[in-house]
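Spelled out from the first residue to the last, the chains are:
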Amino acid sequence: METELKRMMDELEGKVRRLEIGVSRFVRGQEMTILVDLDGVLVAPPTPEIERGIRIAVGASSDTHWSDLPNVFLYLKPMDGAIESYRLLATKYDMHIVSTAPWGNDSAWTDKLKWVKRHIPEAAKRLTLTHRKGDLIGDCIIDDRKKNGVESFMGRHIHFGHEPFFGWKEVLEELMPSRR
Ligand SMILES: [Mg+2]
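Values in this document were obtained by computation on a predicted structure and should not be read as measured data.

About the cut-offs
- In every chain, residue numbers begin from 1 and rise along the written sequence.
- In keeping with the model being predicted, local features are shown solely for residues with a pLDDT of at least 70 and side-chain atom pairs are shown and tallied solely at 80 or more, while totals for entire chains, interfaces and linings include all residues.
- Comment: axis = line fitted to C-alpha atoms, over the contacting stretch for helices; angle = value between 0 and 180 degrees taken between N-to-C directions.
- Secondary structure elements are defined from DSSP: runs of H or I of at least 4 residues count as helices, runs of E of at least 2 residues count as strands, and each element is numbered from the N terminus.
- Our angle categories are set so that under 35 degrees counts as roughly parallel, over 145 as roughly antiparallel, 65 to 115 as roughly perpendicular, and the remainder as oblique.
- Contact criterion: two residues are in contact if their C-beta atoms, reconstructed from the backbone, are within 7 Å.
- Nonpolar residues are Ala, Val, Leu, Ile, Met, Phe, Trp, Tyr, Cys and Pro. Charged residues are Asp, Glu, Lys and Arg, and all others, Gly as well, are polar.
- In these notes, a nonpolar core means any group of buried Ala, Val, Leu, Ile, Met, Phe, Trp, Tyr and Cys residues linked to one another through C-beta atoms within 7 Å.
- Partly exposed residues are those whose C-beta has more than 12 but fewer than 20 other C-beta atoms within 10 Å; 20 or more makes a residue buried and 12 or fewer makes it exposed, with C-beta atoms placed from the backbone.
- What the arc measures is the spread of directions leading from the helix axis to the C-beta atoms.
- What marks off one domain from the next here is an automatic or database domain assignment.
- Each pair of strands is called paired provided DSSP finds at least two bridges between the two strands.

Asks: Provide a residue-level description of the packing of helix α3 (residues 82-90) against helix α5 (residues 168-175), including the pertinent values.
Replies: For the pair α3 and α5, the least separation of the axes is 10 Å and the interaxial angle reads 10 degrees. By the angle between their directions, the pair α3 and α5 is classed as roughly parallel. Here Ala82, Ser85, Leu88 and Leu89 of α3 lie close against α5, whose contacting residues are Trp168, Val171, Leu172 and Leu175. Its residues placed into classes, the contact of α3 with α5 shows 7 nonpolar, 1 polar and no charged.

Asks: I'd like a description of the nonpolar core, backed by residues and values.
Replies: One recurring pattern in soluble globular proteins is that nonpolar side chains are buried together. Counting residues in hydrophobic clusters, the biggest one holds 31 residues, and the most contacted among them are Val36, Val41, Leu42, Tyr86 and Ile142. Those elements that provide at least two residues to this core are β1 (33-36), α3, β2 (94-99), α4 (106-119), β4 (140-143) and α5. Once residues within four sequence positions are removed from consideration, leucine 42 is found in contact with Val36, Pro78, Met79, Ala82, Tyr86 and Ile97.

Asks: Provide a residue-level description of α3, including the pertinent values.
Replies: Every buried residue of α3 is listed here: Ala82, Ser85, Tyr86 and Leu89. Down the axis, α3 shows its buried residues gathered within 100 degrees of arc, on one side only. Tucked into the core, α3 has its buried residues touching β1, β2 and α5.

Asks: Report on helix α2 (residues 48-58), specifying residues and quantitative values.
Replies: Burial analysis of α2 places just 0 of its 11 residues in the buried class, which makes it a mostly uncovered element. Backbone geometry just downstream of α2 places glycine 59 in the positive-phi region, at approximately 70 degrees.

Asks: Summarise unusual backbone geometry; cite the residues concerned and give the values.
Replies: Here the amide bond leading from glutamate 163 into proline 164 is cis, since omega sits at 0 degrees, within 30 degrees of zero. Relative to the helices and strands, proline 164 is located in the loop between β5 (156-159) and α5. Despite not being glycine, asparagine 71 has its phi angle at roughly 60 degrees, a positive value. In this fold, asparagine 71 is placed in the loop between α2 and α3. Asparagine 71 gets classed as partly exposed once you count the C-beta atoms within 10 Å, which come to 15. The backbone phi angle of asparagine 148 is positive, close to 55 degrees, even though this residue is not glycine.

Asks: I'd like to hear about the domain arrangement of the protein chain, residue by residue, with values.
Replies: Domain parsing of the protein chain yields domain 1 (1-30) and domain 2 (31-46 + 77-179). Placing the centre of domain 1 and that of domain 2 at their C-alpha centroids yields a distance of 23 Å. Domain 1 puts 5 residues into the contact, and the matching count from domain 2 is 4 residues. Here the residues of the side of domain 1 that touches domain 2 sort into 2 nonpolar, 2 polar and 1 charged.

Asks: Account for the environment of valine 72, with residues named and values stated.
Replies: With respect to the helices, strands and loops of the structure, valine 72 is situated in the loop between α2 and α3. Spatially, the C-alpha atom of valine 72 lies 8.1 Å from that of aspartate 111, the residues being 39 residues apart in sequence. When residues no more than four places from it in sequence are discounted, the contact partners of valine 72 are Pro46, Ile54, Trp66 and Ser67.

Asks: Break down the sheet that holds β4 for me, with residues and values.
Replies: With parallel pairing, 5 strands are arranged side by side in an open sheet as β3-β2-β1-β4-β5. Edge positions in the open sheet fall to β3 (127-129) and β5, since each of these has one partner strand only. Averaged over all adjacent pairs, the angle separating strand axes in this sheet is 25 degrees, with direction ignored. Bridge count between β1 and β2: 4 bridges; the pairing is parallel. Within β2, the residue paired with threonine 33 across the bridge is aspartate 94. Strands β2 and β3 of the sheet are contacted by α4, whose axis makes an angle of about 160 degrees with β3.

Take a look at the structure:
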């Protein structure tokens, strides 16, 4: 009981602290910080051909999830309009990339950095790999899932791929309305 109470107090203190930081940034007129997910938002899932090719090359069984295939991230393409949209948002917002790497796929941790360096080199130092996205400070997170801390994130969640944010077009209309 006491341990549970202590855990809840710690969690609450963390939330208050993040809120304080958010408010002070807002008061000082700092630009909004936007966190963007990789898989399913900036990075497209593998095509069946790519997935099959890697499975054959590494001898992976069909019950291995694609994200656990070695080096699979090196072969993934950006989502439609993702790179252009990231760069456009970066002209107005403080942009960061936040992604969860599979614990069972060591190469994914390096390959995600390589992917960012290849496709958005200016964002290489803006990449955070974590399973606790809710611990990060930001005003908005663009993510296709609610998992890995997104649900407890301090700011707004733009649920990418879900109504009304079906793709980058809708996200840009929301965050860069002056472009209309
Ligand atoms: Mg995702």
